[in-house]
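Observations on chain architecture
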Amino acid sequence: MSTLKGKIAVVTGGNSGIGFASAQELKNQGATVIITGRSSEKVEEASQKLGVKGIVADVKSISAIENLVEEVKSNFNKVDILFVNAGIFQPAEVGNISEEMFDHQMTINFKGAVFTTEKFLPILNEGASIINLSSINAYTGMPNTAVYAASKAALNSYTRTAATELAQRKIRINSVNPGPVSTPIFEKTGMEEEQIQGLA
């Protein structure tokens, strides 16, 4: 299958989980794929497994996103598909939310996602597609997910407005809101296996 032959696709957080699987599928459909991630070791390992280009970039840093865009531009010129996938999940119940945890999740899940789009816009082709990975948690009121859910709800709101504004460039931007998916993100939460299973 080569339905995306000739297309350039960037997947942030493409070194594991949904990002890795999506990068694999994009490649299978013929796209030239670039994955990004925070860990140079993990990006290198994933890029070799996938047979795609890997670039280290931490979306917490605006300058890192700008450097990523410049590297993609210099190597590939324009981008057709931008999958804004990088994100984190840190559970905490209301009443035990720290400022550090709040800032960390909002910076990566919302600010990082917004500025990934903002910085890539100048090199997106007319008719390009942006996909934001959100979450069903934006709507469910699930316990221990207040800040995570808020970050994804904010991303959905940004996406709706951006869709209206980017229509003139024929750029489509959509949020995907999956339920729990068994990926390495859960291993970083500190939750017990029984708690993780309860999310499903």
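The structure this text deals with has already been given above.
We now turn to the structure provided with this report. All values reported here derive from a predicted model rather than from experimental measurement.

So, the overall build of the chain
- Counting its regular elements, the chain contains seven helices and six strands.
- Written out in order from the N terminus, the α and β elements of the chain read β-α-β-α-β-α-β-α-β-α-α-β-α.
- Looking at the chain as a whole, 43% of its 200 residues are labelled buried.
- Long-range pairs, those at least 24 residues apart, make up 66% of the contacts in the chain with a sequence separation of at least 6.

Re the pattern of salt bridges
- Applying the stated criterion to the full structure yields three salt bridges.
- As a salt-bridge pair, E71 and K53 come within 3.7 Å of each other at their nearest N and O atoms. Pair noted here: E71 is in helix 3 (residues 62–76) and K53 is in strand 3 (residues 53–56), with a separation of 18 residues, a long-range link.

Some remarks on a nonpolar patch on the surface
- A surface patch of nonpolar side chains, amounting to about 270 Å² of accessible area, comprises V94, I97 and F102.
- In this fold, V94 is placed in the loop between strand 4 (79–84) and helix 4 (99–120).

Observations regarding the packing of helix 3 against helix 4
- Across the interface, helix 3 lies against helix 4 with an axial gap of 10 Å and an inter-helix angle of 35 degrees. Once helix 3 is placed against helix 4, the crossing between them reads as right-handed. Contact with helix 3, carried on its side by I62, I65, E66, L68, V69 and V72, involves K111, G112, F115, T116, K119 and F120 of helix 4 and no other residues of that element.
- Residues of the contact of helix 3 with helix 4, tallied by class, amount to seven nonpolar, two polar and three charged.

The rules behind each value
- Residues numbered from 1 in each chain as written.
- Predicted model: local features only at pLDDT ≥ 70, side-chain atom pairs only at ≥ 80, totals over all residues.
- Heavy atoms only, no water.
- Helix = DSSP H or I, 4+ residues; strand = E, 2+ residues; numbered from the N terminus.
- Buried < 20%, exposed > 50% of the residue type's maximum accessible area, 1.4 Å probe, protein only.
- Contact = heavy atoms within 4.5 Å.
- Salt bridge = Lys/Arg side-chain N within 4 Å of Asp/Glu carboxyl O.
- Patch = residues over 30% accessible without salt bridge, like charges linked within 9 Å, V, L, I, M, F, W, Y side chains within 5 Å.
- Areas by Shrake-Rupley, 256 points an atom, 1.4 Å probe, with all protein chains shown as cover.
- Axes fitted to C-alpha atoms, helices over the stretch in contact; angles between N-to-C directions.
- Left-handed = near helix turned anticlockwise from the far one by under 90°.
- Nonpolar A, V, L, I, M, F, W, Y, C, P; charged D, E, K, R; others polar.

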